[in-house]
Amino acid sequence: MLGMETSVLGGGINACDCGTGKTVTCLGLIEISARHQQEDFQSAGCPPNRVFRPTLVACPSQLIDVWYDDWNKFFNGPDRLVLKQFYGSEITITNPRRKSTMLGTRLQDLI
């Protein structure tokens, strides 16, 4: 998958049955790709932890909780992926930790 990410096409399709690890695989690919890019920037003389590349994940609303739960379980922590959500309403999110990942609900909130 990492090879496809750096190819002329710039991506691929990850499709299989439910419960086969597609979400964790995609999150892992995003993290590995970000680490490689960080190493490239550092070797070019950029200060560490000053360069980032956001990755947009678009998924059906039914899967928002799956993505959040998998990120929280496998990729949350210092020097790991940082999750920011642009979805729904902050009123409907009752978990304070999850609420802290919200960017907002309006397009202006993305700026």
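Residues numbered from 1 in each chain as written. Predicted model: local features only at pLDDT ≥ 70, side-chain atom pairs only at ≥ 80, totals over all residues. Heavy atoms only, no water.

With that settled, the discussion passes to the overall build of the chain. Tallying secondary structure elements over the chain gives four helices and two strands in all. Helices (α) and strands (β) of the chain occur, in sequence order from the N terminus, as α-α-α-β-α-β. Here the chain holds 111 residues, and 19% of them are scored as buried. Relative to all contacts within the chain whose residues are 6 or more apart in sequence, the contacts with residues 24 or more apart total 41%. Summed over its atoms, the accessible surface of the chain is roughly 8400 Å², and 58% of this surface lies on carbon and sulfur atoms. (Helix = DSSP H or I, 4+ residues; strand = E, 2+ residues; numbered from the N terminus. Buried < 20%, exposed > 50% of the residue type's maximum accessible area, 1.4 Å probe, protein only. Contact = heavy atoms within 4.5 Å. Areas by Shrake-Rupley, 256 points an atom, 1.4 Å probe, with all protein chains shown as cover.)

Another aspect to go through is the packing of aromatic side chains. Within a pair of aromatic rings, the relevant descriptors are the distance that separates the centres and the angle that separates the planes. This structure, assessed with the given rule, holds two aromatic pairs. Measuring from ring centre to ring centre gives 5.8 Å for Y68 and W71, while their planes differ by 45 degrees; the resulting arrangement is tilted. Remark: W71 and Y68 occur in helix α3 (residues 64-75); sequence separation between them is three residues, near one turn of the helix. Look at Y68 and you get buried, because its relative accessible area is 5%. Plain terms: the ring middles of F74 and F75 are 6.5 Å apart, the flat faces sit at 65 degrees to each other, and that makes the pair edge-to-face. (Phe/Tyr/Trp six-rings, centres within 6.5 Å; stacked < 30°, edge-to-face > 60°.)

What follows covers the packing of helix α2 (residues 22-43) against α3. Following both chains from N to C, one finds α2 and α3 inclined at 60 degrees, their axes separated by 10 Å at the closest point. Between α2 and α3, the interaxial angle falls into the category oblique. As for the relative orientation of α2 and α3, their crossing is right-handed in sense. Taking contact as the criterion, the partners of T23, V24, C26, L27, G28 and E31 in α2 are, on α3, V66, W67, D70, W71, F74 and F75. (Axes fitted to C-alpha atoms, helices over the stretch in contact; angles between N-to-C directions. Parallel < 35°, antiparallel > 145°, perpendicular 65-115°, else oblique. Left-handed = near helix turned anticlockwise from the far one by under 90°.)

So, about α3. When the terminal C-alpha atoms of α3 are compared, their 16 Å separation across 12 residues agrees well with the 16 Å that a helix rising 1.5 Å per residue should span. Here α3 has its buried residues at I64, W67, Y68, D70, W71 and F75. Looking straight down α3, one finds that the buried residues subtend no more than 170 degrees of arc, so they occupy a single side. For α3, the secondary structure elements touched by its buried residues are α2, β1 (85-86) and α4 (96-99). Directly beyond the C-terminal end of α3, a positive phi value near 145 degrees is found at G77. (Expected span 1.5 Å × (residues − 1). Arc of directions from axis to C-beta.)

Here the focus is the nonpolar core. With seven residues, the main nonpolar core is built from L27, I30, W67, Y68, W71, F75 and L81. In contact with L27, other than residues within four places in its own chain, are W67, D70, W71, F75 and L81. (Core = buried A, V, L, I, M, F, W, Y, C linked by side-chain atoms within 4.5 Å.)

A few words on the confidence of the model for the chain. In the predicted model, the chain carries a mean pLDDT of 79, and 87% of its residues have values of at least 70. Mean pLDDT across the elements of the chain ranges from a minimum in helix α1 (residues 2-5), with 68, to a maximum in α3, with 87. (pLDDT = per-residue confidence, 0-100.)

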